[in-house]
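# Geometric and topological summary
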Amino acid sequence: MLLERTFERTLDRLVAAAVPGQAFEAWTFDDRESRAEAERRLAEKGVTARIRSAYKPLLHAFLEEIDLAGVTAIGIGYPVRPHTPENRFRLEAYPLAALVGDREIRFFPSTDESPDYSVMLTGSDGRVRHCRVRAPNRVHVDVAGETNLSPTGWYASGADDTGERLETDYEMLFEAAVAAISEHDWGAAEPFFEELNIRVELPCADAVLAHPGETVSLKEALHEELYFSLLEVFQRKTGRPIGDRGLRPGQIVPEVVASDGRIVLRIETRALSGDVEECAFQPLDAAREPLATAQVAAELDGLGGGAFQARSRSGRRVRACHVTGSDAAVMISAGQHANETTGVVGALRAARRLAARQGAHFTVSPLENPDGYALHQRLRRDNPHHMHHAARYTAFGDDLEYRPRDAGDLNETEIRLTAERLSGARLHVNLHGYPAHEWTRPLSGYVPRAHEMWTVPKGFFLIMRYHEGWSEPAEALLDKVTRRLGEVPGLLQNNARWIDVFEAHAGDTGLRLVNGIPCLADVDDRHAVPLTLITEYPDETIYDAAFVAGHTAQMETVLAAYDAWQEIAPACA
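Cut-offs applied
Residues numbered from 1 in each chain as written. Predicted model: local features only at pLDDT ≥ 70, side-chain atom pairs only at ≥ 80, totals over all residues. Heavy atoms only, no water. Helix = DSSP H or I, 4+ residues; strand = E, 2+ residues; numbered from the N terminus. Expected span 1.5 Å × (residues − 1). Buried < 20%, exposed > 50% of the residue type's maximum accessible area, 1.4 Å probe, protein only. Contact = heavy atoms within 4.5 Å. Pairing = 2+ DSSP bridges. Right-handed = clockwise from strand over helix to strand, strands pointing away. Axes fitted to C-alpha atoms, helices over the stretch in contact; angles between N-to-C directions. Core = buried A, V, L, I, M, F, W, Y, C linked by side-chain atoms within 4.5 Å. Salt bridge = Lys/Arg side-chain N within 4 Å of Asp/Glu carboxyl O. 1 Å grid on protein atoms, 1.4 Å probe; cavity = no way out; pocket = protein on both sides within 12 Å on 5 of 7 lines; lining within 4 Å. Points joined across faces, edges and corners; volume = space filled by probe spheres on them. Phe/Tyr/Trp six-rings, centres within 6.5 Å; stacked < 30°, edge-to-face > 60°. Polar contact = N/O pair within 3.5 Å; in protein donor to acceptor, adjacent residues only side chain to side chain.

## Observations concerning helix α12 (residues 491-506)
Along its 16 residues, α12 runs 22 Å from first to last C-alpha, staying within 8% of the 22 Å computed at 1.5 Å per residue. When α12 is considered as a whole, its buried residues turn out to be L491, N495, W498, I499, V501, F502, H505 and A506. Buried-residue contacts for α12 involve α4 (88-91), β5 (104-109), α11 (471-485), β24 (517-523), β25 (531-540) and α13 (544-568). The first or second residue beyond α12 is G507, which carries a positive phi of 95°.

As structure tokens, this is what we get:
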């Protein structure tokens, strides 16, 4: 055990310290019910208090305080501050634009130096109400050595409207966890551990918002903050650049669960994660949640063809299949990032259809990261609707995409090398996903460092990576695939809704539309295969009908790319 510690709850501290007749405002990292209960306890003591959320304060102001009855238009001036992106406070209001009905909403940068939001509410009678919403932040140097502006607790007495920083339990717990791990002697050789487990018991409930897939979750935000901050701790320890995906510290696993009121932090090293009881087999075309590992294996066995495999760090099998035929070969893969789960189903659905065709030639490796997948299944038991980026990478802690091909211990990477050798394919369709709801790091600047483009969903899109000299077939492939995808029922309409909310809070997507599908294409010579088509479906945390729509889009992309490649490949000989 590296550390075991309990923390006094900030709300309890505020209640205990208050005296009758006092009045104050405070901002803490607590859910709405907990803050309201603290206000009731204070009122019983004769104290007038308003306790607001330090996390996403503008959103909570609209959810809890601002009355929109009779309002037809909303103007929001957001602060622009040093040490943070220009649109940071606009992002922090997400998904407000989707929660105000058909009212017009406009965001604009404030022209004054105030650190607060200014809100203008225009009524149907033309009258305008003005209010300010405080957004408490602090400037600090984070674990990566970067200067950041981050949300923080705040306290203002009735006589002092300015107030001062209130270091909250949420912030103290995070700092204690990072300090304990940073100061521990991990030795010099990677990986430093099998599993580094950071278990947090936190008394807060997730709040479901009236926008599909969106919740306000302090538990999930802390998971993401701990995971990526600790990656940065080990990147600095090993002299690697921040964001380096080749780091192999071992499996970092924050488990943030709900408690009965206590705040507890336990840090320890463990053996690698074992298997957990998974869901029953599902009809593949109608699967409503991530597949059981045993079903993935059974579906592969049902394809026929030649089986091949590799081994993960824990010894789990990475299974794949090679179906030979007269067609131009295509590689199909999924599950590289194991919390991106629609690709696993989509790859198998497409492979089943291709295997029934005369002359089909392809390889399929639908679950390339079984150690991460097992961890994802474990973490879903407590928090099924969280992103769980701790399960994204392998048990070594690295991203398969960035593992050197000349490494002495290829492990999972061997599956791709074998697929390349067996098939000779010049097109690789690599199925991915990304968060279906907002991703934040509230204690390190709010916007996830090195992952800024992924902070809020912008629909289903494609990335085309190609070798120098292959731009023509790459563009032809994008054109043909997007034309087919435009025929998938509901896909373009869903994309339009995602993009509208994204643009309201984040600005331009940075992607170009090809036949209505957002795309990004660039030269990338890292891969042995000259053309790599990557899907990005907002699938982390989705279930039921949304999950079916996700793996259907993945399947349709594979089939469209396979058919397009049969037309394009002869000209690339």
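## Some thoughts on the pairing of strand β20 (residues 362-365)
Along β20, one buried face is formed by F362 and V364 and the opposite face, lined by T363 and S365, is buried too. Inspection of the sheet shows strand β19 (residues 330-333) paired to β20 by four bridges, in the parallel sense. Looking at β20, one finds that S333 is bridged to S365. Regarding the hand of the β-α-β motif, the stretch spanning β19, helix α8 (residues 342-355) and β20 is right-handed.

## Structural notes on the sheet that holds strand β16 (residues 263-270)
Read from one edge to the other, the open sheet built from four strands follows the order β1-β16-β12-β15, with strand pairing classed as mixed. Since the sheet does not close on itself, it has two edges, and those belong to β1 (3-7) and β15 (251-258), each with one partner. The sheet shows a mean angle of 10° between the axes of neighbouring strands, taken without regard to direction. Sheet strands in contact with helix α5 (residues 169-183) are β1, β12 (195-202) and β16, and its direction is about 20° off that of β16.

## Here we look at the nonpolar core
Where a protein is soluble and globular, its nonpolar side chains tend to be buried together. Formed by 85 residues in total, the largest nonpolar core has its most connected members in L58, F62, I198, V200, L222, F234 and L265. For this core, the leading source of residues is helix α6 (residues 218-237), giving ten residues. When residues no more than four places from it in sequence are discounted, the contact partners of L222 are Y170, L173, F174, V200, L202 and V256. By size, the runner-up hydrophobic cluster in this structure holds 61 residues, among which are L491, I517, A569 and C572.

## With respect to the pattern of salt bridges
Across all of its chains, the model carries 54 salt bridges by this definition. The network of salt bridges with shared partners includes E368, E401, R416, R465, D524 and R526.

## With respect to α5
Between its terminal C-alpha atoms α5 stretches 21 Å, which fits the 21 Å expected from 15 residues at 1.5 Å a residue. When we look at burial in α5, the residues that qualify are D169, Y170, E171, L173, F174, A176, A177, V178, A180 and I181.

## Some points on the side chain of E39
By secondary structure assignment, the location of E39 is in helix α2 (residues 32-44). A residue is classified by how much of its surface remains accessible, and E39, at 16% relative accessible area, is buried. Excluding residues that lie within four positions of it along the chain, E39 makes contacts with A49, R50 and I51.

## Concerning the layout of surface pockets
For the largest pocket, the calculated volume is near 490 Å³. Taken together, 18 residues line the largest pocket, and the ones lying closest to its centre are P212, G213, W498, I542 and A546. Breaking the lining of the largest pocket down by element, the ones donating at least two residues are α12, β25 and α13. For the lining of the largest pocket, the element with the most residues is α12, which contributes four residues.

## Quick word on the environment of A450
Note on placement: A450 falls in the loop between β21 (427-435) and β22 (461-466). Between the C-alpha atoms of A450 and D275, which are 175 residues apart in sequence, the distance is 31 Å.

## Description of the packing of aromatic side chains
What the rule picks out here adds up to 15 aromatic pairs. Measuring from centroid to centroid gives 6.3 Å for Y55 and Y446, while their planes differ by 45°, and the two rings are tilted. With Y55 in the loop between β3 (48-53) and α3 (57-64) and Y446 in the loop between β21 and β22, the pair connects residues that are 391 residues apart, well separated along the chain. Looking at Y55, the relative accessible area reads 5%, which means it is buried. Three or more aromatic residues joined by ring pairs form one cluster here, namely W186, F192, F193 and F234.

## Side note on the sheet that holds β19
Taken together, the nine strands give an open sheet; going across it, the order is β17-β18-β20-β19-β21-β25-β22-β24-β23, and neighbouring strands pair in mixed fashion. What marks the edges here is a single partner per strand, and that holds for β17 (306-311) and β23 (512-514). Sheet twist, expressed as the mean angle between neighbouring strand axes with direction ignored, is 25°. Two strands pair when backbone bridges link them, and β22 and β24 are joined in this way by five bridges, in the parallel orientation. Bridging from a neighbouring strand, L462 pairs with C519 of β24. On the sheet, α11 packs against β21, β22, β23, β24 and β25 and is oriented at approximately 160° with respect to β22. Packed on one face of the sheet, α13 meets β19, β20, β21, β22 and β25 and runs near 170° to β25.

## Describing the pairing of strand β10 (residues 153-157)
Across the five residues of β10, four count as buried, placing the element largely inside the fold. Inspection of the sheet shows strand β2 (residues 23-28) paired to β10 by four bridges, in the antiparallel sense. The residue bridging E25 from the neighbouring strand is A156, located in β10. Two elements, β10 and strand β11 (residues 164-166), share three bridges in a ladder whose sense is antiparallel. When the bridges of β11 are listed, Y155 appears paired with E164.

## Structural notes on the side chain of S273
Residue placement: S273 occurs in the loop between β16 and α7 (293-301). Within the structure, the side chain of S273 is placed 3.1 Å from the side chain of R378, a separation counted as a polar contact. The residues touching S273, leaving out its near neighbours within four places in the chain, are E195, Q251, R316, L375 and R378.

Worth remembering: the numbers are spatial, not functional.
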